[in-house]
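# A structural walkthrough
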Amino acid sequence: MVSTSNDAPVIAFIGAGNMAEAVLGGLYSNGHPESNLRFSELVDERRNYMSEKYPNVFNSASNDQVVQGADIVIFAVKPQVLQTVVKGLASTLHKNPSALLISIAAGIETTDILKWLGAKDYEPCLIRIMPNTPALIGEGATGLFATSVVTPHQKELTERLFGSVCKVLSWVDSESKIDAVTGVSGSGPAYFFLMMEAIANAGVEAGLSLEDAKALTLQTCLGAARMAQESEDDLTTLRKKVTSPNGTTEAAIKSMQGANIENILRDAVIAATNRSKELATQFR
Ligand SMILES: NC(=O)C1=CN([C@@H]2O[C@H](COP(=O)(O)OP(=O)(O)OC[C@H]3O[C@@H](n4cnc5c(N)ncnc54)[C@H](OP(=O)(O)O)[C@@H]3O)[C@@H](O)[C@H]2O)C=CC1
Ligand SMILES: O=C(O)[C@@H]1CCC=N1
């Protein structure tokens, strides 16, 4: 096993896919010591890609190897394989009862993870988190839920770590709210990417080059989000300030409302929230 440096926690990622990369990459860019980051990944091609990108971060195809001696273990595999992964790691984790366990898997409930761990003599400290991919550039948003045995110190540590990659961290008091966080922000980047694709493509149809249409779309999205964050006006007021009576925006908003855009977006968020709940029962 690799040696570690200083008193930063040793963090082991189980699964090194898109979301693990977003969090690991964000921590790495923020100066978390490389020697205190590790990941396991079964797929050779993916492991090689990650190891070229993060050359001094220890990696292995063995989940057991990376969790040994880890202070924090982050489960970052797909919901459908989490049960097998957790059961496979249980005996190794029982030898490290002080490790803080964090699951980022959509849907899967903490009671199921604890059941799969099957610890007899202690209750593992487990936190469920739903971050999003902009964590890779330090612009993530996440909801967090802690089981009752998690200590204030562990919550602070989790806030500090995820706070370095996510600008919004919101602890929820009941686990079911993590499904709603998933519907709004976990899946949320994809909604905005889809809208940006559609707006840029429409800009091309209206006569712009793709390059210009994309640049204008992205900056408009960024500017609107930053303005909404920094302004004292609420979202409705900000929208109305763009919308001159009988002007161009009004024509666009009428077109969108005619197609029932509010309901379309509402249904999308509820569909993702419900799918998160369904994943829990599907892979139990
Ligand atoms: N992507 C996102 O925006 C977000 C994802 N999440 C959650 O994060 C988790 C990971 O998602 P994402 O990164 O997108 O998924 P990915 O499929 O990109 O990453 C998971 C990786 O883990 C690998 N893997 C599978 N089984 C094992 C195993 N037994 N041991 C080690 N590695 C394994 C997978 O290989 P293989 O491809 O062969 O399965 C894959 O490379 C999911 O549970 C998802 O719900 C949460 C928030 C946002
Ligand atoms: O689509 C998914 O299931 C994962 C969880 C949230 C974002 N991506």
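Residues numbered from 1 in each chain as written. Chains lettered and ligands numbered in written order. Predicted model: local features only at pLDDT ≥ 70, side-chain atom pairs only at ≥ 80, totals over all residues.

### A few points about the overall build of the protein
The test is simple: Secondary structure elements are taken from DSSP: a helix is a run of H or I of four residues or more, a strand is a run of E of two residues or more, and numbering for both begins at the N terminus. Exposure criterion: with C-beta atoms placed from backbone coordinates, a residue whose C-beta has 20 or more other C-beta atoms within 10 Å is buried, one with 12 or fewer is exposed, and one in between is partly exposed. Throughout, a pair of residues is in contact if the C-beta atoms placed from their backbones lie within 7 Å.
Helix and strand counts for the protein stand at 12 helices and 8 strands. Burial status across the protein gives 31% buried among its 284 residues. Contacts in the protein between residues at least 24 apart in sequence constitute 69% of all its contacts with a sequence separation of at least 6.

### Focus on the domain arrangement of the protein
For clarity, the threshold we go by: Boundaries between domains were set according to an automatic or database domain assignment. Residues were grouped as follows: Ala, Val, Leu, Ile, Met, Phe, Trp, Tyr, Cys and Pro as nonpolar; Asp, Glu, Lys and Arg as charged; and all remaining residues, including Gly, as polar.
If you check the domain split of the protein, you get domain 1 (11-176) and domain 2 (188-280). For domain 1 versus domain 2, the distance between C-alpha centres works out to 32 Å. Domain 1 puts 9 residues into the contact, and the matching count from domain 2 is 6 residues. Within the side of domain 1 that touches domain 2, the residues separate by chemical class into 4 nonpolar, 3 polar and 2 charged.

### Focus: the packing of helix α4 (residues 79-94) against helix α5 (residues 110-117)
Going by this rule: Fitted lines through C-alpha atoms give the axes, limited to the stretch in contact for helices. The angle between two N-to-C directions lies from 0 to 180 degrees. Throughout, the term roughly parallel applies to angles under 35 degrees, roughly antiparallel to angles over 145, roughly perpendicular to angles from 65 to 115, and oblique to all others. Helix crossings fall into two classes, left-handed where the near helix is turned counterclockwise from the far one by less than a right angle and right-handed where it is turned clockwise.
The geometry of α4 relative to α5 is characterised by a closest axis approach of 8 Å and an angle of 50 degrees between their N-to-C directions. Here α5 runs oblique to α4, going by the angle between their axes. α4 and α5 meet at a crossing whose hand is right-handed. Counted together, Q83, V86, K87, A90 and L93 of α4 and I113, W116 and L117 of α5 form the full contact between these two elements. Here the residues of the contact of α4 with α5 sort into 6 nonpolar, 1 polar and 1 charged.

### A closer look at the site of ligand 1
Heads up, the condition is: What makes a residue near a molecule or strand is its C-beta atom, placed from the backbone, lying within 6 Å of it.
What surrounds ligand 1 is a group of 26 residues, the closest being G15, G17, M19, A105 and A106. When contributions to the shell around ligand 1 are tallied by element, the ones reaching two or more residues are α1 (18-29) and α4. For the shell around ligand 1, the per-class residue count stands at 15 nonpolar, 8 polar and 3 charged.

### Points about the pairing of strand β8 (residues 166-171)
Filter applied, for reference: The pairing criterion for strands is at least two bridges between them, as found by DSSP. The definition of a right-handed crossover adopted here requires that, viewed with the strands pointing away, the path from the first strand over the helix to the second runs clockwise.
Both strand β7 (residues 140-146) and β8 contribute to a ladder of 5 bridges, which runs parallel. When the sheet's bridge partners are listed, T142 is paired in β8 with L169. In terms of handedness, the path from β7 via helix α6 (residues 152-163) over to β8 forms a crossover that is right-handed.

### What about the UniProt feature "binding site: NADP(+)" (unreviewed entry) in the protein?
Keep this limit in mind: UniProt positions are given in the numbering used here, feature names are shortened, and annotations may be inferred rather than shown by experiment.
Under the UniProt annotation, the feature "binding site: NADP(+)" (unreviewed entry) is placed at I14, G15, A16, G17, N18, M19, A76, V77, K78 and P79. What stands out for the annotated residues spanning 66 residues is how close their C-alpha atoms remain, the widest pair being 13.9 Å apart. Mapping G17 onto the fold places it in the loop between β1 (11-14) and α1. What G17 contacts, discounting residues up to four positions off in sequence, is R46 and A76. With respect to the helices, strands and loops of the structure, N18 is situated in helix α1.

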